[in-house]
Amino acid sequence: MFDDELEAFKTRIDLRHYAAAEGYREDKRYSSEACFCMRHPVTDDKIFIGIDRKDGHYVYWSVRDDRDNGSIIDFVARRKRLNLRERQAWRTVGEELRPWIGRPAVDPPAFTPLVPSTKDRITVEAKFADMPVALCHPYLVHERALPASLLESPRFAGTVRIDARGNAIFPHHDADGLCGYEIKNHGFTGFSKGGEKGLWSSNDFPDDQCIMFGESAIDVKSYAALSPDPHTRYRSMSGKPNPRQPGLIVSAIVAMPPGSRIITGMDADKDGRELVSVVWQAFEFSGRTDMTIENHEPSGGKDWNELLQARQPDFFPAVRRSGLHIR
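Residues numbered from 1 in each chain as written. Predicted model: local features only at pLDDT ≥ 70, side-chain atom pairs only at ≥ 80, totals over all residues. Heavy atoms only, no water.

1. What about the side chain of Glu-125?
So, step 1. Note on placement: Glu-125 falls in helix α5 (residues 119–129).
So, step 2. Buried charged residue Glu-125 carries no salt bridge. Nearest counter-charge: Arg-121, at 4.4 Å.
So, step 3. Discounting chain neighbours no more than four positions away, the residues touching Glu-125 are Ser-32, Cys-35, Phe-48 and Leu-178. (Helix = DSSP H or I, 4+ residues; strand = E, 2+ residues; numbered from the N terminus. Buried < 20%, exposed > 50% of the residue type's maximum accessible area, 1.4 Å probe, protein only. Lys, Arg positive; Asp, Glu negative; His and termini not counted. Salt bridge = Lys/Arg side-chain N within 4 Å of Asp/Glu carboxyl O. Contact = heavy atoms within 4.5 Å.)

Printed below as a string of structure tokens:
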């Protein structure tokens, strides 16, 4: 099998078409513009398919097995139980895929073109899709003092998930969709491997008249608990911004209804004040002269969550006492 033939298999064969011929069907609940989700009705295998923007190869990732990923070559080998270290396996792959180059063996279903993505991003989407929504996360309620009623409210319901380790997962989005997620638990803060920071977002509503920017999702939820306002939407940056985040902040500001307010609510320290300046510069760049901006800084604590806990004298971190959900 020649290299140009292998390249043709990986770039010219739409892996979605081949998977459909093998019995997989689209799962529209988890499909996005850059990442296509398919599920097998018999084996219940769930895969995500995308195009790697680096080389144009169709690639996939199975939610059920971290080792089951790669190009269409790997997809065929796994499902035909082939050992690619053996020469005969490559012959079988060639015989299987040659009819698909330029002339599909079956009439393929009509799919819209995929937007090129990266293997890392496809992996992030696949792993995130397998995490359940946590309306009332134990760590957030018992250790960070966030009210369960707040987490279950229309503003925040569905904005946090829980992974197999019990970590709180906060999804970040950019213009192309999910790009990564922040990970929080007792004594631990991390970010998804291969992911990039975008903005974490609350749920938005058409009658919103204010947008609040904070450092972390826990900080902005704490601010919402301390200063409830049914017409405020929330965004967080997860600390020091990357080069793409200022543009996302501008987009979030531009999307606000006329006459809205902007609130910056970062930590009461040097790093927090630098983040405030990032948002203020984004506001100036947006050209929204109809909007106003103001800075709110926590008084009596380093951040809004510290202030929230301090204002609840009867609060005691049950997680710390019981040992539940500690990484």
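2. As for the packing of aromatic side chains
So, step 1. This model, assessed by the stated rule, comprises nine aromatic pairs.
So, step 2. Their ring planes at 90° and their centres at 5.1 Å tell us that Tyr-60 and Phe-75 sit as a pair that is edge-to-face. In this pair, Tyr-60 is assigned in strand β4 (residues 58–62) and Phe-75 in helix α3 (residues 72–79), connecting sequence segments 15 residues apart.
So, step 3. Look at Tyr-60 and you get buried, because its relative accessible area is 2%.
So, step 4. On the accessibility criterion, Phe-75 (0% relative accessible area) is buried.
So, step 5. Ring geometry for Phe-156 versus Trp-200: centroids 6.3 Å apart, planes at 10°, classification stacked. One end of the pair, Phe-156, is in the loop between α7 (148–151) and β6 (161–162); the other, Trp-200, is in strand β10 (residues 200–201), and 44 residues separate them in sequence. For the residue pair Phe-156 and Trp-200, the accessibility class agrees, reading buried in each case.
So, step 6. Three or more aromatic residues joined by ring pairs form one cluster here, namely Tyr-18, Tyr-24, Tyr-60, Phe-75 and Trp-100.
So, step 7. In this structure, Arg-79 is placed above the aromatic ring of Phe-75, and the distance from its NZ or CZ to the ring centre is 4.0 Å. (Phe/Tyr/Trp six-rings, centres within 6.5 Å; stacked < 30°, edge-to-face > 60°. Lys NZ or Arg CZ within 6 Å of the ring centre and 35° of its normal.)

3. Side note on the environment of Lys-193
So, step 1. Here Lys-193 lies in the loop between β9 (188–191) and β10.
So, step 2. Remark: the alpha-carbon pair of Lys-193 and Leu-135, spanning 58 residues in sequence, is separated by 24 Å.

4. A closer look at α3
Note that an α-helix has 3.6 residues per turn; residues three or four places apart therefore point the same way.
So, step 1. Among all positions in α3, only Ile-72, Ile-73, Phe-75, Val-76 and Ala-77 are buried.
So, step 2. The secondary structure elements touched by the buried residues of α3 are α1 (3–12), α2 (15–21), β3 (46–51), β4, β5 (69–70) and α4 (87–97).
So, step 3. At the exit of α3 stands Arg-81, carrying a positive phi of roughly 55°.

5. Comments concerning the sheet that holds strand β7 (residues 168–174)
So, step 1. Strand order across the open sheet formed by four strands is β6-β7-β8-β9, with antiparallel pairing between neighbours. The sheet is open, and its two edges are formed by β6 and β9, each paired on a single side. (Pairing = 2+ DSSP bridges.)

6. With respect to a negative patch on the surface
So, step 1. A surface patch of negative charge is lined by Asp-3, Asp-4, Glu-7 and Asp-55.
So, step 2. You can see Asp-3 is positioned in helix α1.
So, step 3. A relative accessible area of 64% places Asp-3 in the exposed class. (Patch = residues over 30% accessible without salt bridge, like charges linked within 9 Å, V, L, I, M, F, W, Y side chains within 5 Å. Areas by Shrake-Rupley, 256 points an atom, 1.4 Å probe, with all protein chains shown as cover. Charge placed at Lys NZ, Arg CZ, Asp CG, Glu CD.)

7. A few points about the state of the cysteines
So, step 1. In this structure the tally under the stated criterion is zero disulfides.
So, step 2. Take Cys-35: it sits in no disulfide, and the sulfur closest to it among the cysteines is that of Cys-37, at 7.8 Å. (Disulfide = S-S within 2.5 Å.)

8. Describing the sheet that holds β5
So, step 1. Strand order across the open sheet formed by five strands is β1-β2-β3-β4-β5, with antiparallel pairing between neighbours. The open sheet has two edge strands, β1 (25–26) and β5, and neither has a second partner.
So, step 2. Where β1 and strand β2 (residues 36–39) come together, two bridges link them in antiparallel fashion. Within the sheet, the bridge partner assigned to Arg-25 lies in β2 and is Arg-39.
So, step 3. Along the sheet, α3 makes contact with β3, β4 and β5, crossing β4 at roughly 45°. (Axes fitted to C-alpha atoms, helices over the stretch in contact; angles between N-to-C directions.)

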